[in-house]
Amino acid sequence: AATLNNMGGANEKLGELPRALDLHERSLQIRRKVFGPRHPKVAMSLANIGNVLTNMGRFDDAVRSHREALSIREEMLGAEHPSTGESLGGLSAALLAEGRDPAAALEYALRSRVVFEKTLGPNHPNVATAHFNIAAVRGRLGRYAEARDDYTRALAAIDASGQPSPLRWPAQAK
């Protein structure tokens with residue numbers, strides 16, 4: 001299941017989304033059989049499926065997958081676990097891409113940032129990603145000054161982390 005999951009991730013990065021989805025779904029089937037329906041590894045597969053579905057434009061399915069992953073992670077890991085923060089961020093991104101409920105997307109993005117700041121510290125790359133997601137939602141809501149401030153916070157967190165980030169182009173990296 002882990003190898004299928006990793007292959008799914010590689011195919012997603014290569015833009016081979018139908019293949020990535022198939023691999024993640026196969027990983028999910030195995031994990032449900034081995035671990036049962038409410039296990040963090042099942043949630044990982046569901047989150048990965050949600051990410052691929054978002055990238056494929058299948059937003060309703062993506063939202064469902066992310067909601068299920070979030071439910072499992074909150075139950076099994078707790079509301080303040082980094083993996084729960086990842087599910088909150090994934091759900092926010094799917095809702096934003098779907099476009100129907102940007103207020104809910106903002107709520108989940110804000111919760112994600114709180115979880116990451118509490119569990120990983122204010123300068124972790126996941127905090128930067130959360131700020132970036134918050135900015136994207138606020139921009140969609142027409143709250144441009146707040147979005148600009150969140151983008152600024154995202155860049156500050158990246159710079160403070162000292163780690164490479166996908167939120168910066170290579171030429172911008174320090």
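Before reading further, recall that the structure is shown in the block above.
What counts and how
Residues numbered from 1 in each chain as written. Predicted model: local features only at pLDDT ≥ 70, side-chain atom pairs only at ≥ 80, totals over all residues. Heavy atoms only, no water. Helix = DSSP H or I, 4+ residues; strand = E, 2+ residues; numbered from the N terminus. Contact = heavy atoms within 4.5 Å. Polar contact = N/O pair within 3.5 Å; in protein donor to acceptor, adjacent residues only side chain to side chain. Axes fitted to C-alpha atoms, helices over the stretch in contact; angles between N-to-C directions. Parallel < 35°, antiparallel > 145°, perpendicular 65-115°, else oblique. Left-handed = near helix turned anticlockwise from the far one by under 90°. Nonpolar A, V, L, I, M, F, W, Y, C, P; charged D, E, K, R; others polar. Expected span 1.5 Å × (residues − 1). Buried < 20%, exposed > 50% of the residue type's maximum accessible area, 1.4 Å probe, protein only. Salt bridge = Lys/Arg side-chain N within 4 Å of Asp/Glu carboxyl O.

Enquirer: Tell me about the environment of Glu98, residues and numbers included.
Expert: With respect to the helices and strands, Glu98 occurs in helix H5 (residues 82-98). Expressed as a C-alpha distance, the spacing of Glu98 and Glu68, which sit 30 residues apart in the sequence, is 17 Å. Sequence-distant contacts of Glu98, defined by excluding residues within four places in its chain, comprise Phe59, Asp60 and Val63. There is a polar contact of 2.7 Å between the side chain of Glu98 and the side chain of Arg100.

Enquirer: Quick rundown of the environment of Glu75? Include the residues and the values.
Expert: Mapping Glu75 onto the fold places it in helix H4 (residues 59-77). Placed 33 residues apart in sequence, Glu75 and Val42 show a C-alpha to C-alpha distance of 13 Å. For Glu75, the side chain forms a polar contact with the side chain of Arg38, separated by 2.5 Å.

Enquirer: Describe the packing of helix H2 (residues 17-35) against helix H3 (residues 40-56), naming the residues involved and giving the relevant values.
Expert: One way to put it is that H2 packs onto H3 with a least axis distance of 9 Å and a crossing angle of 160 degrees. When the axis of H2 is compared with that of H3, the two are roughly antiparallel. By crossing handedness, the relation of H2 to H3 is classed as left-handed. Here Leu17, Pro18, Ala20, Leu21, His24, Glu25, Ser27, Leu28, Arg31, Arg32 and Phe35 of H2 lie close against H3, whose contacting residues are Lys41, Val42, Met44, Ser45, Leu46, Asn48, Ile49, Val52, Leu53, Asn55 and Met56. The residue inventory of the contact of H2 with H3, partitioned by class, reads 13 nonpolar, five polar and four charged.

Enquirer: Summarise the packing of helix H7 (residues 125-140) against helix H8 (residues 144-161); cite the residues concerned and give the values.
Expert: The relative placement of two packed helices is expressed as an angle between their axes plus a distance between the axes. Direction vectors running N to C along H7 and H8 enclose 165 degrees, while the axes themselves pass 8 Å from each other. Here H7 lies roughly antiparallel to H8, going by the angle between them. For the crossing formed where H7 meets H8, the hand is left-handed. Of H8, the residues touching H7 (which contributes Pro125, Ala128, His131, Phe132, Ile134, Ala135, Ala136, Arg138 and Gly139) are Tyr144, Glu146, Ala147, Asp150, Tyr151, Arg153, Ala154, Ala157, Ile158 and Ser161.

Enquirer: Requested: an account of the environment of Glu12, with residues and values cited.
Expert: Assignment of secondary structure puts Glu12 in helix H1 (residues 2-13). Separated by 25 residues in sequence, Glu12 and Pro37 place their C-alpha atoms 24 Å apart. Apart from residues lying up to four places away in sequence, Glu12 is in contact with Leu17, Ala20, Asn51, Val52 and Asn55.

Enquirer: Quick one: what's the story with H7, residue by residue and with numbers?
Expert: Quick reminder: α-helices carry 3.6 residues per turn. Residues three or four places apart thus point the same way. Under the 1.5 Å per step criterion, the end-to-end length of H7 is 23 Å for 16 residues, consistent within 8% with the ideal 22 Å. The complete set of buried residues in H7 reads Pro125, Val127, Ala128, Ala130, His131, Asn133, Ile134, Ala135, Val137, Arg138 and Gly139. Structurally, H7 contributes buried residues whose contacts are with H5, helix H6 (102-120) and H8.

Enquirer: I'd like a rundown of the pattern of salt bridges, residues and numbers included.
Expert: Under the defined criterion, the tally for this structure stands at 16 salt bridges. The shortest N-O distance in the salt bridge between Arg100 and Asp60 comes to 2.2 Å. Taken together, the residues span a long stretch of sequence, with Arg100 in the loop between H5 and H6 and Asp60 in helix H4 at a distance of 40 residues. Assessed through its relative accessible area of 39%, Asp60 is described here as partly exposed. A salt bridge links Glu74 to Arg111; the nearest nitrogen and oxygen atoms lie 2.8 Å apart. Residue Glu74 is located in helix H4, and its partner Arg111 is located in helix H6; the two are separated by 37 residues in the primary sequence. Taken together, the shared-partner salt bridges connect Arg138, Arg143, Glu146, Asp150 and Arg153 into one network.

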